[in-house]
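Summary of structural features
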Amino acid sequence: ALQGIRDQGKLKNGQSILINGASGGVGTLAIQIAKALGGNVTTISSSKNQELCTSLGADTTLSYQEIQVPDLPEKYDIFFDVFGNYSFKKVSHLLTSKGIYVSTIPNTEIIKEQLFNPLRKKKAKLVVVRSNRRDLQWLGEQILQSNIKPVTDKIFPLEQIGDAQAYIETKRAKGKVILTP
């Protein structure tokens, strides 16, 4: 979430970001990271998870059950697609003139879109996470300052790894799913 929003999306103070899949493990952190960086955060989640998104700092919450995302009238500086169900082509009209679409889901379409980036003002980018000490320190500081609160949905013992994976694959987890040894 940090590398996608800060490095790929280049979120600046006061800019708008739309986070699709905001109530999951990456999304719950994305809301808080975007707020810590000064973003105006709009989230997309199920209706039942809108309160969670608000509690994490979302300025506006939208339910995919009540709206059609491609029909939104607003423009955003960043469309952060954590869930992966909206392609750059489907939502590029929701971006400002120099807006950036960032996806966490690798597929051939996003790779093709990145190849055409030099030819357009609106950009499509894929997050390829690179672990580094600086990012972990920043996240740790934000947690210590209570700017970011990790969200845990369920904890499974290691011997139930199959159940944990099955639960993650439902795409209904709110926050992270943890395995304990």
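Above this text you will find the structure in question.
Every value quoted in this text rests on a predicted model; they were computed, and no experiment measured them.

1. Some remarks on the side chain of serine 103
The topology assignment puts serine 103 in strand β5 (residues 95-103). Overall, the relative accessible area of 2% leaves serine 103 in the buried class. Only 3.0 Å separates the side chain of serine 103 from the backbone nitrogen of isoleucine 105, close enough to count as a polar contact. Sequence-distant contacts of serine 103, defined by excluding residues within four places in its chain, comprise Asp81, Ile110, Lys125, Leu126 and Val127.

2. Details of the pattern of salt bridges
The full count for this structure, using the stated rule, is five salt bridges. The salt bridge involving arginine 6 is made with aspartate 7; its shortest N-O contact spans 2.5 Å. Judged by relative accessible area, aspartate 7 falls into the partly exposed class, the value being 27%. Note that aspartate 135 and arginine 6 form a salt bridge whose closest N and O atoms lie 2.7 Å from each other. Here the residue aspartate 135 occupies a position in helix α6 (residues 133-144), and arginine 6 occupies one in helix α1 (residues 2-8), the gap between them amounting to 129 residues. Each member of the pair, aspartate 135 as well as arginine 6, is classed as buried.

3. Some remarks on the nonpolar core
When a protein is soluble and globular, its nonpolar side chains tend to lie buried together. Grouped together as the largest cluster of nonpolar side chains are 24 residues, with contacts concentrated most on Ile5, Ile17, Ile19, Ile31, Val41 and Phe80. Among the elements of the structure, α1, β1 (16-20), α2 (25-36), α3 (50-55), β4 (76-81) and β5 are those that each provide at least two residues to this core. Considering every element that reaches this core, the biggest residue donor is α2, with four residues. Discounting residues that sit within four places of it in the chain, isoleucine 31 has contacts with Ile19, Ala22, Val41, Thr43, Cys53, Leu56, Gly57 and Ala58. With 16 residues, the next largest nonpolar core counts Ile44, Phe88, Tyr101 and Ile110 among its residues.

4. Re the layout of surface pockets
Space left empty within the atom packing is revealed by a probe, the size of a water molecule, rolled over the atoms. Here the largest pocket defines a volume of roughly 680 Å³. As for the largest pocket, its lining consists of 28 residues, of which Gly24, Gly25, Phe83, Lys171 and Ala173 are closest to the centre. Of all the secondary-structure elements, those providing two or more residues to the lining of the largest pocket are α2, β2 (40-45), α7 (161-169) and β8 (176-180). Grouping the constituent residues of the lining of the largest pocket by class yields eleven nonpolar, twelve polar and five charged. In this model, the second largest pocket occupies a volume close to 500 Å³. In terms of lining, the second largest pocket is formed by 25 residues, of which the most central are Ala1, Leu2, Leu29, Ile33 and Leu139. Classifying every residue of the lining of the second largest pocket by side-chain character gives 13 nonpolar, nine polar and three charged.

5. Section: the packing of aromatic side chains
A full pass over the atoms with the stated rule returns four aromatic pairs. On the basis of an interplanar angle of 75° and a centroid distance of 6.3 Å, the ring pair of phenylalanine 79 and tyrosine 86 is categorised as edge-to-face. Judged by its relative accessible area of 1%, phenylalanine 79 falls in the buried class. For tyrosine 86, a relative accessible area of 14% puts it in the buried group. Geometrically, the ring pair formed by phenylalanine 88 and tyrosine 101 is edge-to-face, given 5.9 Å between the ring centres and 65° between the ring planes. Taken together, the residues phenylalanine 88 in helix α4 (residues 88-91) and tyrosine 101 in strand β5 connect sequence positions 13 residues apart.

6. Quick notes on unusual backbone geometry
One non-glycine residue with positive phi stands out, namely lysine 10, at about 55°. Mapped onto the elements of the fold, lysine 10 is located in the loop between α1 and β1. You will see that lysine 171, though not glycine, has its phi angle at about 60°, which is positive. Summarising the element assignment, lysine 171 is placed in the loop between α7 and β8.

Calculation criteria
- Residues numbered from 1 in each chain as written.
- Predicted model: local features only at pLDDT ≥ 70, side-chain atom pairs only at ≥ 80, totals over all residues.
- Heavy atoms only, no water.
- Helix = DSSP H or I, 4+ residues; strand = E, 2+ residues; numbered from the N terminus.
- Buried < 20%, exposed > 50% of the residue type's maximum accessible area, 1.4 Å probe, protein only.
- Polar contact = N/O pair within 3.5 Å; in protein donor to acceptor, adjacent residues only side chain to side chain.
- Contact = heavy atoms within 4.5 Å.
- Salt bridge = Lys/Arg side-chain N within 4 Å of Asp/Glu carboxyl O.
- Core = buried A, V, L, I, M, F, W, Y, C linked by side-chain atoms within 4.5 Å.
- 1 Å grid on protein atoms, 1.4 Å probe; cavity = no way out; pocket = protein on both sides within 12 Å on 5 of 7 lines; lining within 4 Å.
- Points joined across faces, edges and corners; volume = space filled by probe spheres on them.
- Nonpolar A, V, L, I, M, F, W, Y, C, P; charged D, E, K, R; others polar.
- Phe/Tyr/Trp six-rings, centres within 6.5 Å; stacked < 30°, edge-to-face > 60°.

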